[in-house]
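Residues per chain are reported as follows:
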Amino acid sequence: MFCQECGYRNAATAHYCAKCGTLLGADVADDTATYQGDSDTQEVPVTPGHQLPAVVIRTGGRAGEHIALTQPRETIGRAGEASILLDDVTVSRRHAAIEDEADGRYLVDLASLNGTYVNHRRIERVRLRDGDEVQIGKFKLTYLE
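So, here's what we can say about the structure.

Reading the values: rules and limits
- Residues numbered from 1 in each chain as written.
- Predicted model: local features only at pLDDT ≥ 70, side-chain atom pairs only at ≥ 80, totals over all residues.
- Heavy atoms only, no water.
- Pairing = 2+ DSSP bridges.
- Helix = DSSP H or I, 4+ residues; strand = E, 2+ residues; numbered from the N terminus.
- Axes fitted to C-alpha atoms, helices over the stretch in contact; angles between N-to-C directions.
- Salt bridge = Lys/Arg side-chain N within 4 Å of Asp/Glu carboxyl O.
- Buried < 20%, exposed > 50% of the residue type's maximum accessible area, 1.4 Å probe, protein only.

1. So, the sheet that holds strand β6 (residues 84-85)
Stage number 1. One open sheet holds the five strands; their spatial order is β6-β5-β7-β8-β11, and the pairing between them is mixed. In this open sheet, the two strands that pair with only one neighbour each are β6 and β11 (125-127).
Stage number 2. One ladder, built from three bridges, connects strand β8 (residues 104-109) with β11; its direction is antiparallel. Across the sheet, residue valine 108 finds its bridge partner in β11, namely arginine 125.

Written as structure tokens, this is what we have:
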């Protein structure tokens, strides 16, 4: 399936473009955003024209998955209690966190074995900007504001 916005070729099962995050099949009108919470998928009301900060998984079987960042601290890891669960041995159980601060959202490495990368640079803590490419283990994600 090709993205109507950027032309990127996505998996046939993708709901969002893995490159730019655009909703695929834009003829669908919806006033909710879906995110992966601690247990089941939950729906969060979104006012029309407003988007929550999010990450889009760009690689693997979950490519195109759009995960809204709704909490002040979202954890990323292989452990079941992670807000953003990335189930692969290249990801530490408690790999990283995205923390909301007064001047923006920060990605923090939690002493992971394989490191956390933003735009191909290994980081310990960095302020995220719209479009940043995050790599955690074998997963590549795009941060969207």
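2. Focus: the sheet that holds strand β4 (residues 66-68)
Stage number 1. The strand order across the open sheet built from six strands is β4-β3-β13-β12-β9-β10, with neighbouring strands paired in antiparallel fashion. One side of each edge strand has no neighbouring strand; the edge strands of this open sheet are β4 and β10 (121-123). On average, each strand axis in the sheet is inclined to that of its neighbour by 30 degrees, with strand direction left out of account.
Stage number 2. Where strand β3 (residues 54-57) lies against strand β13 (residues 139-144), four bridges are found, and the strand directions are antiparallel. Within β13, the position partnered with alanine 54 by the bridge is leucine 144.

3. With respect to unusual backbone geometry
Stage number 1. A positive phi angle, close to 55 degrees, is found at alanine 111, a residue other than glycine.
Stage number 2. Within the fold, alanine 111 resides in the loop between β8 and β9 (116-118).
Stage number 3. Unlike most non-glycine residues, histidine 120 shows phi in positive territory, near 70 degrees.
Stage number 4. Along the chain, histidine 120 falls in the loop between β9 and β10.

4. What about the pattern of salt bridges?
Where charged atoms of side chains with opposite charge meet at close range, the side chains can pair.
Stage number 1. A full pass over the atoms with the stated rule returns five salt bridges.
Stage number 2. Salt-bridge contacts for glutamate 65 lead to arginine 62; the nearest nitrogen and oxygen are separated by 2.8 Å.
Stage number 3. By relative accessible area, which is 26% here, glutamate 65 ends up partly exposed.

5. Considerations on the pairing of β13
Stage number 1. Of all six residues making up β13, five are buried, and the element is well covered by its neighbours.
Stage number 2. Note: strand β12 (residues 133-136) against β13, four bridges, orientation antiparallel. Along β13, the bridge assignment pairs glutamate 133 with threonine 142.
Stage number 3. The hairpin turn running from β12 into β13, its antiparallel successor, is two residues long, and glycine 137 in that turn takes a positive phi close to 60 degrees.

Function-wise, these values are silent; they only describe arrangement.
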